[in-house]
Amino acid sequence: THCGFPEAALPKYAEKLVALGHKVGVVEQMETPAQLEERNKKRKEAGQRVDKAVRREICSVLTQGTAPPQGAQAKYVLFVCEDLPSKTLGVCFVDVATGCVSLGQCPEEDGCQKLRTLVAQLQPAEAILDGESTSR
């Protein structure tokens, strides 16, 4: 689904859309109208069709885990993978507010309990599992 609104309203609407479970892509203009004109001049000389709109690109994607946190509270994204041959769990969690990244691993026998404890302590806003390497 696509919707557009002024940049000044981005925080307000992005927060509402993310809270409803949507992903919000932030699109920004990557060139000025003068740069478009220059690019079109070159395209026309090369026999290519001209573009009518300035170039735009997705610059960021906001999800429940990556949207800026409200207040000073930390907000985490958790990634879990499993190395099946060595029976080891790997975890990575990122504090979205500060950008702090933490990595860890543990044997699978006691890993599930440690993972439960970590999830209870962090209460991640988003969890990502490596579906190809996770056995359950």
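All values reported here derive from a predicted model rather than from experimental measurement.

How each quantity is defined
Residues numbered from 1 in each chain as written. Predicted model: local features only at pLDDT ≥ 70, side-chain atom pairs only at ≥ 80, totals over all residues. Heavy atoms only, no water. Salt bridge = Lys/Arg side-chain N within 4 Å of Asp/Glu carboxyl O. Helix = DSSP H or I, 4+ residues; strand = E, 2+ residues; numbered from the N terminus. Buried < 20%, exposed > 50% of the residue type's maximum accessible area, 1.4 Å probe, protein only. Expected span 1.5 Å × (residues − 1). Phe/Tyr/Trp six-rings, centres within 6.5 Å; stacked < 30°, edge-to-face > 60°. Patch = residues over 30% accessible without salt bridge, like charges linked within 9 Å, V, L, I, M, F, W, Y side chains within 5 Å. Areas by Shrake-Rupley, 256 points an atom, 1.4 Å probe, with all protein chains shown as cover.

Observations regarding the pattern of salt bridges
Enumeration over the complete set of coordinates arrives at 4 salt bridges. In this structure, the salt-bridge partner of Arg39 is Asp51, at a minimum N-O distance of 2.5 Å. You can see Arg39 sitting in helix H2 (residues 33–45) and its partner Asp51 sitting in the loop between H2 and strand S2 (56–62), a full 12 residues away along the chain. What makes Arg39 partly exposed here is its relative accessible area of 23%. The closest approach of N and O atoms between Arg55 and Glu57, which form a salt bridge, is 2.4 Å. Here the residues in one salt-bridge network are Glu31, Arg39, Arg49 and Asp51, joined through shared partners.

With respect to unusual backbone geometry
Its identity is not glycine, yet Lys87 carries a phi of approximately 50°, on the positive side. Here Lys87 shows up in the loop between strand S3 (76–83) and strand S4 (88–95). We note that Gln123 has phi near 50°; this positive angle belongs to a residue other than glycine. In this structure, Gln123 sits in the loop between helix H3 (108–122) and strand S6 (126–129). The class for Gln123 is exposed, based on a relative accessible area of 62%.

Description of H2
Look at H2: 18 Å from first C-alpha to last across 13 residues, which is about the 18 Å you get at 1.5 Å a residue. Backbone geometry just downstream of H2 places Gly47 in the positive-phi region, at approximately 80°.

Notes on the packing of aromatic side chains
What the rule picks out here adds up to 1 aromatic pair. On the basis of an interplanar angle of 75° and a centroid distance of 5.8 Å, the ring pair of Tyr76 and Phe93 is categorised as edge-to-face. Of this pair, Tyr76 sits in strand S3 while Phe93 is found in strand S4, placing the two residues 17 residues apart along the sequence. Here Tyr76 and Phe93 have matching classes, each one buried.

Some details on a nonpolar patch on the surface
Judged by side-chain polarity, Val27, Ile58 and Val61 come together as a nonpolar surface patch covering roughly 280 Å² of accessible area. The residue Val27 is located in strand S1 (residues 24–29) in this model. Relative accessible area serves as the criterion here: at 49%, Val27 is assigned to the partly exposed category.

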